[in-house]
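# Structural overview
Spelled out, the chains give:
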Amino acid sequence: MSGTTAVLLVGLSFRSAPVPVLEKASVPESEMPDLQAALRDTDAITETMVLSTCNRMEFYAATTAFHPALDHIVETVARFAGLTVEDLEPHLYVRYADAAAEHMLNVASGLDSMVVGEQQIIGQLRAAYQAADEHGLVGNTLHALSQRALHTGKRVHTETAVDETGASMVSFAVGRAMASLGVTDLAGRRAVIVGAGAMASLASSHLGRLGIEHVTVANRTVSRAENLAAHAREAGVPADAVSLADMLARLADADIVVSATGAVGTVIGDDAILSAMDGRGPGGAASARPMVLCDLSMPRDIDDRAGDVPGVTLLNIEELTTLAGDEAPDAHAARDIVREELTSYLEQQRVQSVVPTVKALRTRAAEVAREELAALAGRTPDMSDADRHEVERTVRRVVDKLLHAPTVQVKKLSTRADSTRGGAVNYADALAELFNLQVGTSAAVSQVIEPGDAGKARIANVLTQGGEAAGAATATGTAGTATGTTGATGTTATGTTGTTTGEAEAS
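Summarised in this report is the structure supplied together with it. Everything numeric in this text was worked out from a predicted model, so none of it was measured.

### Concerning the nonpolar core
Of all hydrophobic cores here, the largest spans 75 residues; its most connected members are Leu-8, Leu-12, Phe-59, Ile-73 and Leu-296. If we skip the residues at most four places from it in the chain, Ile-73 touches Leu-8, Val-10, Leu-39, Ile-45, Phe-59 and Ala-61. Formed by 34 residues, the second largest nonpolar core is a distinct cluster that contains Met-49, Ala-108, Leu-125 and Leu-137.

As structure tokens, then:
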């Protein structure tokens, strides 16, 4: 029997990889369709979805063949990143089956974010799903998990105070910028926003709420910059739009620069910042009023050397990672919701996994009845049509009544954990074995591989040598997943015996 379809996640984030590696793994929006298609280009994978943010790249796939799918994803990502597999693997984390589901629910809830509790990740996950769906890359498996994750994230932000501070990557960065400037509001201050996407729009709105005096939006496509500037003006914030070429002249007046373009290559060089600081007045950069640069792009938009210019503070993803906190208000309540939704999702998936077996059992029973009725017809040529019809009805009723209880019970029992066996009993497999049914019902074994372990020779070898033995303890429904240990920073790995090394969670 072949395995059932399960979700495989291969990812790297600010927790597992340095910024230079994240930059290389980041794929421009224009190349994303090619990456998605390349990930799908194997018999081992039936569905794919890529979640790309400023501090994480996660590759989700639906597969019935764990090792081939894992190897294909790693090799494909390495090729697009221009890295060798050996250089990429140490920074990857892997989640499979239940562990992958748990991870996506945590991500959607903001519990795995750099700024814990931020809401922007919900929109990013929704956009990732929609992009994959538009290209026909999402099927029932990733659809069910993505929708459950989005629902969970919405519940967390509606029912808890985890985001009561309104935290996001943008608000966190701007807050740090204000602290660097030594101000509590932005009255009398001017800003330049580079980019015109979702992050830039969020920055414009947040700066407006903080009382910014003027915003200049710069973008390669000026019409998009003008749209964002128009929205700012409608909200009562003076704003204008310029091209990237004209942006440089505006930097001299800026107190805060927020860059979020997603471009490949440097958008603002250190020479531009030095020129802007020199242009602030007599005395040059050394005596000029301070400027704070917030680089929220991956790859980075602003040359790191810009932070060495006197009077300039550079806050990029790397710097913000070291400043972000680890917890948020009401995080415990948020984890409870994730635990509840995860348990519900896993139970639903187990019931669905039984359906092929139940269908096969009923098909087999109907075939046996048909064969026996045909044999009876050959032995009783003189039986009247009325009697034969009654016999057929009786046989079918007997078959239906005999199968009713087993088919109902196997669905119920598939959701129950057997504490004496450390996990959920696979009744579908048992039924298939008892009746010799040829269906792919073998349960996927939940797997967790931490950064570092992934770099041992080849990822597949880690599991071949040790992970499958450990995986027996993390089969679908283990205490570490079905009961919902859902922490963003350690509970999946430390809450189960199914990790390959037992090291702490890194993502």
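### A look at the packing of aromatic side chains
Enumeration over the complete set of coordinates arrives at one aromatic pair. With centroids separated by 4.5 Å and ring planes inclined at 65°, the aromatic side chains of Phe-66 and Tyr-96 adopt a geometry described as edge-to-face. You can see Phe-66 sitting in helix H3 (residues 66-81) and its partner Tyr-96 sitting in strand E4 (residues 93-96), a full 30 residues away along the chain. Each of the two residues, Phe-66 as well as Tyr-96, counts as buried.

### Describing the side chain of Ser-146
Here Ser-146 is to be found in helix H7 (residues 140-159). Take Ser-146: its relative accessible area is 0%, and that puts it in the buried class. Apart from residues no more than four positions distant in its own chain, Ser-146 is found in contact with Met-49, Met-104 and Tyr-129.

### Quick notes on the pairing of strand E5 (residues 190-194)
Taken residue by residue, a regular strand's side chains alternate between the two faces of the sheet. Taking burial as the measure, the five residues of E5 include four buried ones, the bulk of the element. With four bridges connecting them, E5 and strand E8 (residues 256-259) associate as parallel partners. If you follow Ile-193 over to E8, its bridge partner there is Val-258.

### A closer look at helix H8 (residues 169-181)
Helix length check: H8, at 13 residues, gives a terminal C-alpha distance of 18 Å against a target of 18 Å (1.5 Å per residue), a fit within 8%. Listed in full, the buried residues belonging to H8 are Met-169, Val-170, Ser-171, Phe-172, Ala-173, Val-174, Ala-177, Met-178 and Leu-181. Close packing links the buried residues of H8 with helix H9 (198-209), E8, strand E9 (291-295), strand E10 (312-316) and helix H13 (317-323). After H8 finishes, the residue Gly-182 shows a positive phi value of roughly 75°.

### Thoughts on the packing of helix H5 (residues 98-108) against H7
Running from amino to carboxyl end, H5 crosses H7 at an angle of 40°, the nearest separation of the two axes being 8 Å. Relative to H7, the element H5 lies oblique. Considering how the two elements wind past one another, H5 and H7 form a crossing that is right-handed. The segment H5 lies against H7, with Ala-101, Met-104, Leu-105 and Ala-108 engaging Leu-145, Ser-146, Arg-148, Ala-149, Leu-150, Thr-152, Gly-153 and His-157. A per-class count over the contact of H5 with H7 returns seven nonpolar, four polar and one charged.

Calculation notes
Residues numbered from 1 in each chain as written. Predicted model: local features only at pLDDT ≥ 70, side-chain atom pairs only at ≥ 80, totals over all residues. Heavy atoms only, no water. Core = buried A, V, L, I, M, F, W, Y, C linked by side-chain atoms within 4.5 Å. Buried < 20%, exposed > 50% of the residue type's maximum accessible area, 1.4 Å probe, protein only. Contact = heavy atoms within 4.5 Å. Phe/Tyr/Trp six-rings, centres within 6.5 Å; stacked < 30°, edge-to-face > 60°. Helix = DSSP H or I, 4+ residues; strand = E, 2+ residues; numbered from the N terminus. Pairing = 2+ DSSP bridges. Expected span 1.5 Å × (residues − 1). Axes fitted to C-alpha atoms, helices over the stretch in contact; angles between N-to-C directions. Parallel < 35°, antiparallel > 145°, perpendicular 65-115°, else oblique. Left-handed = near helix turned anticlockwise from the far one by under 90°. Nonpolar A, V, L, I, M, F, W, Y, C, P; charged D, E, K, R; others polar.

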